[in-house]
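# Structure assessment
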Amino acid sequence: MGRRIDHVVFDFDGTLVDSNHIKQAAYFEVAGRVPGGAEAMTRVHGTVAGDRYDLWRAWAGEMGLSDGSDQIAAYSQAVEDAITATREMPGAADTVAALRAGGLHVYISS
């Protein structure tokens, strides 16, 4: 007898909504609010292993700033605003609805 699937977990970014490009653009948009910031982001982006916090700390170090916490907050807000306004991936809502209608528990991870 086969195993029944009861739970499905979807990644949010790039799976349910077309948002991967938003995060990339937001790094440079937020960094560009500080004179020389976009250039510094160009130097550190792609060279930092870790998450967005590590990247912003590296950027702040490149800029001679304490920690980049203001930019982390601005980046998070810019990403949230843009993702809220972006389109879903084709068929995403219909797929989630069909799974739920079939009795599955559907979760979203982001």
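Here is a short report on the structure shown in this document. (Residues numbered from 1 in each chain as written. Predicted model: local features only at pLDDT ≥ 70, side-chain atom pairs only at ≥ 80, totals over all residues. Heavy atoms only, no water.)

### A word on the overall build of the protein chain
Check the secondary structure of the protein chain and you find five helices and two strands. Along the chain direction, N to C, the helices and strands of the protein chain fall in the order β-α-α-α-α-α-β. The C-alpha atoms of the protein chain give 18 Å as radius of gyration, which overshoots the globular expectation for 110 residues (13 Å, by more than 25%). Taking the principal axes of its C-alpha atoms as reference, the protein chain extends roughly 60 × 30 × 20 Å. Classification of the 110 residues of the protein chain by burial places 27% in the buried group. Put simply, of all contacts in the protein chain between residues at least 6 apart along the chain, 62% involve residues at least 24 apart. For the protein chain, the exposed surface amounts to about 7100 Å²; the carbon and sulfur share of it is 53%. (Helix = DSSP H or I, 4+ residues; strand = E, 2+ residues; numbered from the N terminus. Rg over C-alpha atoms; globule rule 2.2 N^0.38 Å. Buried < 20%, exposed > 50% of the residue type's maximum accessible area, 1.4 Å probe, protein only. Contact = heavy atoms within 4.5 Å. Areas by Shrake-Rupley, 256 points an atom, 1.4 Å probe, with all protein chains shown as cover.)

### Describing the pairing of strand E1 (residues 7-11)
One face of the sheet, then the other: side chains in a regular strand alternate in exactly this way. The two faces of E1 differ: Val8 and Phe10 on one face are buried, but His7, Val9 and Asp11 on the other face are not. Inspection of the sheet shows E1 paired to strand E2 (residues 105-109) by five bridges, in the parallel sense. Its bridge partner being in E2, Val8 is matched across the sheet by Val106. (Pairing = 2+ DSSP bridges.)

### A few points about the environment of Gly14
Tracing the sequence through the fold places Gly14 in the loop between E1 and helix H1 (20-31). Once you skip the residues sitting within four places of it in the chain, Gly14 turns out to touch Ser19, Asn20 and Met89.

### A few points about the nonpolar core
Ranked by size, the top nonpolar core spans 18 residues in total, and within it Tyr27, Met41, Trp56, Trp59 and Tyr75 carry the most contacts. Discounting residues that sit within four places of it in the chain, Met41 has contacts with Tyr27, Phe28, Ala31, Leu55, Trp56 and Trp59. Core analysis: the next-biggest nonpolar cluster, separate from the first, contains seven residues, Phe10, Ala92, Val96 and Leu104 among them. (Core = buried A, V, L, I, M, F, W, Y, C linked by side-chain atoms within 4.5 Å.)

### Some points on helix H3 (residues 52-63)
For H3, spanning twelve residues, the distance from its first C-alpha to its last is 16 Å, which sits close to the expected 16 Å at 1.5 Å a residue. Burial in H3 covers these residues: Leu55, Trp56, Trp59 and Ala60. Looking straight down H3, one finds its buried side chains confined to an arc of 135°; they lie on one side. The elements touched by buried residues of H3 are H1, helix H2 (37-44) and helix H4 (69-85). Of the residues that open H3, the one with a side-chain oxygen 3.0 Å from the backbone nitrogen of Tyr53 is Asp51. Looking one or two residues past H3, Gly64 carries a phi angle of roughly 75°, positive in sign. (Expected span 1.5 Å × (residues − 1). Arc of directions from axis to C-beta. Polar contact = N/O pair within 3.5 Å; in protein donor to acceptor, adjacent residues only side chain to side chain.)

### Examining the pattern of salt bridges
By the definition in use, this model includes six salt bridges. Note that Arg4 is salt-bridged to Asp6, the shortest N-O span being 3.3 Å. Between Asp18 and Arg87 there is a salt bridge, with its nearest N and O atoms 2.8 Å apart. Residue Asp18 is found in the loop between E1 and H1, and its partner Arg87 is found in the loop between H4 and helix H5 (92-101); the two are separated by 69 residues along the sequence. Classification of Asp18 as partly exposed rests on a relative accessible area of 22%. Assessed through its relative accessible area of 56%, Arg87 is described here as exposed. (Salt bridge = Lys/Arg side-chain N within 4 Å of Asp/Glu carboxyl O.)

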